[in-house]
Each structure stands twice: as structure tokens, then as C-alpha cells.
Amino acid sequence: MTQDWEGVVARLGGATTLEQSARDTKAFLRARAVATAVDLLRLILAYCLSDRGLRSTAAWATAIGLANLSNVALLQRLRRCGDWLALLVGEALAAAAPQASRGRLIRIIDATTVPKAGAAAKRGNKLWRIHSAFDLPRERFGHFELTDQHGGETLDRIPVVKGEIRIADRAYLQPDRIALVLEQDADVLIRAGWRNARWLDAEGEPVDLLAEFRKASDCGLIDRPIFIGRKSGKPLALRLVAVKKSGQAAEAARRVARRQAQKGRHRISKGTLDAAEWVILVTSLAPEAFPTADVLALYRLRWRIELGFKRLKSLIGLKGPPGADERSAKPYVLAHLLIILLLEPLVDGLEDSPRWAEGLALAA
């Protein structure tokens, strides 16, 4: 609706600001079939965020008097908007950045993907990867970076905010990159697999995690210093925190491990089945400031980014962009990222809000 669109324009800095940024990025060069940069943005978002094709979007624009152009002309304009939309996403993220006075920032790091279009892309498992940071306590995305399938998930890809606590799953247990984050005065809390690190004691001798699990089987809890070997540099001095799962959760984890072994056509080891009974975490947080219970509670916050991705894909409707040309596919994805940033401050009023989901989780 027109009144809603005016609100979007205002939150993006106003018509004058949008006009200038569109010209700076060469997304809008001259007023012809589309009169203004604001009209161009509305046209691009209407195409990217709806199920209309190019032809139907062009017809809609003509019908409401927004623009008079062909579907081919619309596609050409879309292809020029990648840098502009990336700039708008960055400005929206910066505008919502938390103030230092709000206390220590918790950042959940993860990535989600959408497939590229076309049979060749499908055969080659080609995709778009959205690297993200979800910031707490604001419960908002604080960073996006868009790459193709070659852009790996690395812990230090997203710029570090001094004093933050960076939380990530086991894919981010990357010792050399953890060191880079720690060097920038941040802390980490990362889930681990029992075999995806070189576990060492203070003397540099290997630590047998399975033996540690057996010793702690009765109490079901481990909290001890640990060192992790690196490819370069001294081992990282961290803290190992592990908690034994409930019987039901452990059995579910063993089923998953067996399915993965069957899918990969390899024999599952007894060690993997034993380790499936434990949640294994490593952290740089000091035990004096963050007791065991606090570390476990912090890691339980990681589900918030999964909910953020759910909003991005279901509420906003992000899916694989149509067409195989990256000049149009990239703006398509960026348009969805921009809209989720504009909607997030309003999401508590929607059924899909994080706090609503948290209430259901607690009730269950």
C-alpha cells in the first residue's frame, strides 16, 4: 500500500538519500520509463518479493502508474541494482547497531543457503550462501554477507566487535580462526565434536575425551581447562564444558549418527556412539565470570538464529532466485535481506516472533 511504502522509504533515509545512493552505484542513471530511484526500488522489490514473473510485474507497474516498461527492460534494471541493494543492506544494518552502553554483545554466527537455478547448477551443487550474525539481546540480524558455494563458513569472516561473545556450532571449530577472534578482544563459545580437534593437556600431551566421558559418567558434567592444537602457533588455551544428554536425547543422537554412517557407507565406531551421549563445548569464557550453568545457558541461545532463518525463508519467502544469471540472482537475494531488516523491529507483533517461539519451547 502507498502509506506503507512511504514508511519504508523514510526508514531507508528518505527519497533524496535513496536517489543519491542509486546514482552513486549506477543503479539509476536517468529518468525515462522509471521516473525516480524510489520508484525503481519499489519496482525491484515488488518483483523479488512476490510470485509474479517479470512480465506480470511490468504489467502491475503500468496498471498502478508506477512505471511503463517491458519485462526485458525490468530485467536490465534488476541486473544493475546489485551494488545498490548491498549498500542499502549495509546501511540498514549500521542503523540498527547496538549502542555500547547496552552491555556485552552476544553474536550467534551461522550460514544458510538457497540453491542457484538451472540444471547445470543443480548438477554442480551450486548455491548462494548467506553468512549471518544474529545479535542478542536485540534479537536482530547484525551482519549479512552473500557468497556463492565457494565462500566457506569461517568463524572470523564476520567482523569482530570488541567484547562480544561469539557463539557457533561445530562447523566453526577452527583453531587458527578462533585465535584471530580472541586476538581482537572477543570471547568464543563453540560446539565441538569429539574428533574434530587435537585435544591436549597443559604439557601438550593428547587428552582422550572418551576416557574423560567415562570418568564423568555418573555426575554427567565436565568443566576443565583444555588446549587445542593449531596448524600454526601455540595451542589454544580454552575451557572444555560437556554435559551428558538425557537418555531420550542420547538415543536420538545415536540414530542420527547411524543414519549418517549408512548414508556415507562407512562403519560407525563405538567411540562415536559413546560421544553422542554428550554435548561438547569449548569456550574462552573464564569460569569465575561464567560458571558451568551460565555457559550451557548461553549456548542454548543458538537456536535464535535458526528462528531468524525461518523468518527469512517463510515470512519473507526467500527461496532460490529464478534465472541462472548472477547479475539478477544476487539482487534478488539482497532484496529479501533488506526487507527482513526492515521488518525485524515489528516482528514481535507477529505470530512468528522469537519470544512467541520461546514461550512454546518453555511450555513444551
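Residues numbered from 1 in each chain as written. Predicted model: local features only at pLDDT ≥ 70, side-chain atom pairs only at ≥ 80, totals over all residues. Heavy atoms only, no water.

A look at the overall build of the protein
Move 1: Tallying secondary structure elements over the protein gives 15 helices and nine strands in all.
Move 2: Across its three principal axes, the protein shows a C-alpha extent of roughly 75 × 50 × 45 Å.
Move 3: A buried classification covers 47% of the 364 residues belonging to the protein.
Move 4: Considering only contacts within the protein whose residues lie at least 6 apart along the sequence, 61% involve residues at least 24 apart.
Move 5: Of the accessible surface of the protein, which amounts to about 18,400 Å², a share of 53% is contributed by carbon and sulfur atoms.
Move 6: Treating the 56 positive side-chain charges of the protein as one cloud and the 41 negative ones as another, the clouds have centres 7 Å apart. (Helix = DSSP H or I, 4+ residues; strand = E, 2+ residues; numbered from the N terminus. Buried < 20%, exposed > 50% of the residue type's maximum accessible area, 1.4 Å probe, protein only. Contact = heavy atoms within 4.5 Å. Areas by Shrake-Rupley, 256 points an atom, 1.4 Å probe, with all protein chains shown as cover. Lys, Arg positive; Asp, Glu negative; His and termini not counted. Charge placed at Lys NZ, Arg CZ, Asp CG, Glu CD.)

Focus: the sheet that holds strand E1 (residues 106–115)
Move 1: Taken in spatial order, the nine strands make up an open sheet running E3-E2-E1-E4-E5-E9-E8-E7-E6, and their pairing is mixed. Edge strands, defined here as strands with exactly one partner in the open sheet, are strand E3 (140–148) and strand E6 (199–200).
Move 2: In this structure, strand E8 (residues 236–244) lies alongside strand E9 (residues 278–283), joined through six bridges in antiparallel fashion. Paired with Leu240 across the bridge in E9 is Val282.
Move 3: Strands E1, strand E2 (127–136) and E3 of the sheet are contacted by helix H13 (residues 303–315), whose axis makes an angle of about 35° with E1. (Pairing = 2+ DSSP bridges. Axes fitted to C-alpha atoms, helices over the stretch in contact; angles between N-to-C directions.)

Things to note about the confidence of the model for the protein
Move 1: In the predicted model, the protein carries a mean pLDDT of 86, and 91% of its residues have values of at least 70.
Move 2: Under a pLDDT of 50 for its full length, residues 98–102 has, in the predicted model, four contacts with residues more than four places off or in other chains.
Move 3: The model gives residues 349–364 a pLDDT under 50, and that stretch makes 22 contacts with residues more than four places away or in other chains. (pLDDT = per-residue confidence, 0-100.)

A word on unusual backbone geometry
Move 1: In this structure, Asn125 is a non-glycine residue whose phi angle is positive, near 55°.
Move 2: Of note, Asn125 is situated in the loop between helix H7 (119–123) and E2.
Move 3: Under the relative-accessibility criterion, Asn125 is labelled exposed at 59%.
Move 4: Positive phi is not limited to glycine here, since Arg265 has a value of about 60°.
Move 5: Considering the arrangement of structural elements, one finds Arg265 in the loop between helix H10 (247–264) and helix H11 (270–275).

A look at the nonpolar core
Move 1: Grouped together as the largest cluster of nonpolar side chains are 70 residues, with contacts concentrated most on Leu41, Trp84 and Leu85.
Move 2: Considering each element in turn, this core owes the most residues, 11 residues, to helix H14 (residues 326–343).
Move 3: The contact partners of Leu41, leaving out residues within four places of it in the chain, are Trp5, Leu12, Leu18, Trp84, Leu85 and Leu88.
Move 4: Listed in part, the 34 residues of the second largest apolar core include Ala179, Leu209, Ile228 and Val282. (Core = buried A, V, L, I, M, F, W, Y, C linked by side-chain atoms within 4.5 Å.)

Remarks on the packing of aromatic side chains
Move 1: Enumeration according to the criterion identifies four aromatic pairs in this entry.
Move 2: Ring geometry for Phe134 against Phe141: centres 5.1 Å apart, planes inclined by 80°, an arrangement best described as edge-to-face. Phe141 shares its class with Phe134; the two are buried.
Move 3: Between Phe213 and Trp278 the ring centres are 4.9 Å apart and the planes differ by 15°, which places this aromatic pair in the stacked class. In this pair, Phe213 is assigned in helix H9 (residues 209–215) and Trp278 in strand E9, connecting sequence segments 65 residues apart.
Move 4: Looking at Phe213, the relative accessible area reads 4%, which means it is buried.
Move 5: A network of ring pairs unites the aromatic residues Phe134, Phe141, Phe144 and Phe309 as a single cluster.
Move 6: We note Lys116 situated over the ring of Trp128; from NZ or CZ to the ring centre the distance is 4.8 Å. (Phe/Tyr/Trp six-rings, centres within 6.5 Å; stacked < 30°, edge-to-face > 60°. Lys NZ or Arg CZ within 6 Å of the ring centre and 35° of its normal.)

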